[in-house]
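Descriptive structure summary
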Amino acid sequence: MVKVRHILSLSGGKDSAALAIYMRDRVAEMEYIFHDTEKELPETYEYLARLESVLGRPIVRTSPTDSFDHWLSVYGGMLPSNHRRWCTRMLKLKPFEAYVGRDNVINYVGLRADEPRIGYISTKPNIKAVYPFREDGLVRADIVRILEDCGLGMPTYTEWGRSRSGCFFCFYQQKIEWVRLKERHPDLYEQAKHYETESAARGVNFTWSQSESLTELERPERMAAIKLNREVVEARKKASRKNLSLAETLGGLDNDEPSESDGCLICSL
Ligand code: SF4
């Protein structure tokens, strides 16, 4: 009989963590893995360590063949972006496929029933993706309950307003998340800024955040404007979700921002 491996990739985010807990007693031979870019938030590493102890199972760290800095150099100093997402390919997908090899694998993905996103579909014929939350109709509230019931709770980066796991410099961050990163982890903000400076020195001049550099974004008046903008959005959200769409359309808010549902699934679920 052909052996099939069961693999669940953790991102350090709430959905894949909840899926790990959900599947723990359903698939005894599950392999839990985490693709470490070595550029994650400290809160993510801490969350994974706690998850490991709640699961009572080891989480295997896959390492890319080469570091982010190596690949950045290979790509000519071109910072990754939504349209140039070499980071996901080189630091997450390739290590995943190398870990799987030629084995037949069922890959468990934490997409919820209330999400419109499409999961990572491997082009490899030996990897079959399955979506237990979707199949069982579990939505966000169910995921929060699973995490609370097991004592793990939400990732602690959510306490300071970061919405997703992934690299500290991830270009899917909203502008308000850059502001919060600067306030919470000024050293990481400086590192992200340094990547922009180096990119500019090589003449490629890419920025992490759309239409402005991190040096521009950290100006006190700009940070204050981003915060104010967020307060307005939050207030309108509370008042009415319907009105929010209209306000975003007409009100000149940062509506070109990535939303919580954007981002690459292997990094942020
Ligand atoms: S988290 Fe963002 S920057 Fe990191 S690998 Fe994923 S898409 Fe790229």
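These remarks concern the structure in this document. Being a predicted model, the structure only gives us computed values, none of them experimental.

Thoughts on the pattern of salt bridges
- Inspection of the entire model under this criterion finds 20 salt bridges.
- Note that D103 and R5 form a salt bridge whose closest N and O atoms lie 2.8 Å from each other. With a gap of 98 residues between them, D103 in the loop between α4 (86-100) and β4 (104-108) and R5 in strand β1 (residues 4-10) connect regions that are remote in the sequence.
- Under the relative-accessibility criterion, D103 is labelled partly exposed at 35%.
- For R5, a relative accessible area of 13% corresponds to the buried category.
- The closest approach of N and O atoms between E218 and K193, which form a salt bridge, is 2.7 Å. Taken together, the residues span a long stretch of sequence, with E218 in the loop between α9 (214-217) and α10 (220-239) and K193 in helix α8 (residues 186-201) at a distance of 25 residues.
- A network of salt bridges, in which partner residues are shared, links K14, D15, R112, D114 and E115.

Concerning the packing of aromatic side chains
- Taken as a whole and assessed by the stated rule, the structure comprises 13 aromatic pairs.
- Residues F34 and Y45 carry aromatic rings whose centres are separated by 6.4 Å and whose planes lie at 90 degrees to one another, so their mutual orientation is edge-to-face. Here F34 is found in strand β2 (residues 31-35), whereas its partner Y45 is found in helix α2 (residues 42-55), with eleven residues between them in sequence.
- In this structure Y45 comes out as partly exposed when scored by relative accessible area, which is 29%.
- Measuring from ring centre to ring centre gives 5.0 Å for Y75 and W86, while their planes differ by 5 degrees; the resulting arrangement is stacked. Of this pair, Y75 sits in the loop between α3 (68-74) and α4 while W86 sits in helix α4, and the two are eleven residues apart along the sequence.
- Its relative accessible area of 26% is what places Y75 among the partly exposed residues.

With respect to the nonpolar core
- By size, the foremost hydrophobic cluster in this structure holds 30 residues, and its most contacted members are F68, F169, W178 and W208.
- Three or more residues apiece are contributed to this core by two domains, here domain 1 (4-161) and domain 2 (175-250).
- In this view, W178 contacts F168, F169, C170, Q173, Y189, A192, W208, S209, L214 and L217; residues no more than four positions away in its chain are not counted.
- Ranked by size, the runner-up nonpolar core spans 26 residues in total, among them Y47, I59, Y108 and L152.

The rules behind these values
- Residues numbered from 1 in each chain as written.
- Predicted model: local features only at pLDDT ≥ 70, side-chain atom pairs only at ≥ 80, totals over all residues.
- Heavy atoms only, no water.
- Salt bridge = Lys/Arg side-chain N within 4 Å of Asp/Glu carboxyl O.
- Helix = DSSP H or I, 4+ residues; strand = E, 2+ residues; numbered from the N terminus.
- Buried < 20%, exposed > 50% of the residue type's maximum accessible area, 1.4 Å probe, protein only.
- Phe/Tyr/Trp six-rings, centres within 6.5 Å; stacked < 30°, edge-to-face > 60°.
- Core = buried A, V, L, I, M, F, W, Y, C linked by side-chain atoms within 4.5 Å.
- Domains from an automatic or database assignment.
- Contact = heavy atoms within 4.5 Å.

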